[in-house]
Amino acid sequence: MRFDLDHFIADCRLALAEDHSHKLIREVVARAVSDPASVLTRLGEPRRAEVQKLYHSEDLTILNVIWGPRMTVMPHNHQMWAVIGVYTGREDNIFWRRIPGSENGKLEAAGAKALCEKDAEPLGGNIIHSVTNPISRLTGAIHVYGGDFFGAERSEWDPETLLEQRYDVEKTMRLFEESNAVFASAKA
Ligand SMILES: [Fe+2]
């Protein structure tokens, strides 16, 4: 079946009504990205690094996240579960944990997961991750969050010191624009 955004949102809402975890949503996302060409037809070929809001409510946020070439976003948490479905390119996740007893929430690396086209990966509500697009072209992924992604109070960690600070959504959005600037100047 071809990817249809309205159907996708409706399917996510139904899945959430049936089960408040990410279990059924993961199946909906997996189904969508199993046909990447169809998703690309509806969402469009990625042209620039950006975050497109596809759906946003108190209990569910759906984003189309386009990562710039070799772009990295510092460690952060979400305070809600998420499902990431890659429909073009690659996305590398490093998972982190707070070092027990450390001050200022300092992190240590705990694991990693390489996501490829057609992968649909659930992330638990307590997860801390950083994301890198390791390739030289744009990566596109559908991100579904079990809550209000833009309203939740959460943390990010300085990429150099790995110390905890308050999440700054504007700062993260600037990373996408910085990536576009680098990409544009490389092409000029
Ligand atoms: Fe994230």
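Residues numbered from 1 in each chain as written. Predicted model: local features only at pLDDT ≥ 70, side-chain atom pairs only at ≥ 80, totals over all residues. Heavy atoms only, no water.

Draft legend 1. Highlighting the coordination of the iron ion. Protein-derived coordination of the iron ion comes from His 76 (NE2), His 78 (NE2) and His 129 (NE2), at a distance range of 2.1 Å. Going along the chain, you hit the donors of the iron ion in the pattern H-x1-H-x50-H. Highlighted residues: His 78 in the loop between β3 (72-77) and β4 (82-88) and His 129 in strand β8 (residues 128-132), separated in sequence by 51 residues. Like His 78, the residue His 129 is buried in the burial classification. (Donors = N, O, S within 2.8 Å, 3.2 Å for Na, K, Ca; no water. Helix = DSSP H or I, 4+ residues; strand = E, 2+ residues; numbered from the N terminus. Buried < 20%, exposed > 50% of the residue type's maximum accessible area, 1.4 Å probe, protein only.)

Draft legend 2. Geometry of the environment of Ile 25. Looking at the secondary structure, you find Ile 25 in helix α2 (residues 23-33). Through-space distance from the C-alpha of Ile 25 to that of Ile 127 is 17 Å; in sequence the pair is 102 residues apart. Non-local contacts of Ile 25, meaning those with residues more than four positions away in its chain, are made with Cys 12, Ala 15, Leu 16, Leu 60, Trp 81, Val 83 and Val 144. (Contact = heavy atoms within 4.5 Å.)

Draft legend 3. Highlighting the pattern of salt bridges. In the structure shown here, the tally under the stated rule is 9 salt bridges. One salt bridge in this structure joins Glu 121 and Lys 113, with 3.7 Å as the shortest N-O distance. Classification of Lys 113 as partly exposed rests on a relative accessible area of 37%. Salt-bridge contacts for Lys 171 lead to Glu 156; the nearest nitrogen and oxygen are separated by 2.6 Å. (Salt bridge = Lys/Arg side-chain N within 4 Å of Asp/Glu carboxyl O.)

Draft legend 4. Structural view of the pairing of β4. Burial analysis of β4 places 7 of its 7 residues in the buried class, which makes it a mostly covered element. For β4 and strand β7 (residues 120-123), the ladder comprises 4 bridges, and the chain directions are antiparallel. Bridge pairing in β7 links Ile 84 to Glu 121. Here β4 runs beside strand β9 (residues 139-145); their pairing, made up of 6 bridges, is antiparallel. Each residue of the ladder has a partner; that of Ile 84, found in β9, is His 143. (Pairing = 2+ DSSP bridges.)

Draft legend 5. Summary view of the packing of aromatic side chains. As enumerated under the stated definition, the model contains 4 aromatic pairs in all. Taking the centre distance of 5.4 Å and the plane angle of 25 degrees together, the rings of Trp 67 and Phe 176 count as stacked. Taken together, the positions of Trp 67 in strand β2 (residues 61-67) and Phe 176 in helix α4 (residues 169-187) put the pair 109 residues apart, joining distant regions of the chain. Like Trp 67, the residue Phe 176 is buried in the burial classification. Ring pairs connect the aromatic residues Tyr 145, Phe 149 and Phe 150, which therefore count as one cluster. (Phe/Tyr/Trp six-rings, centres within 6.5 Å; stacked < 30°, edge-to-face > 60°.)

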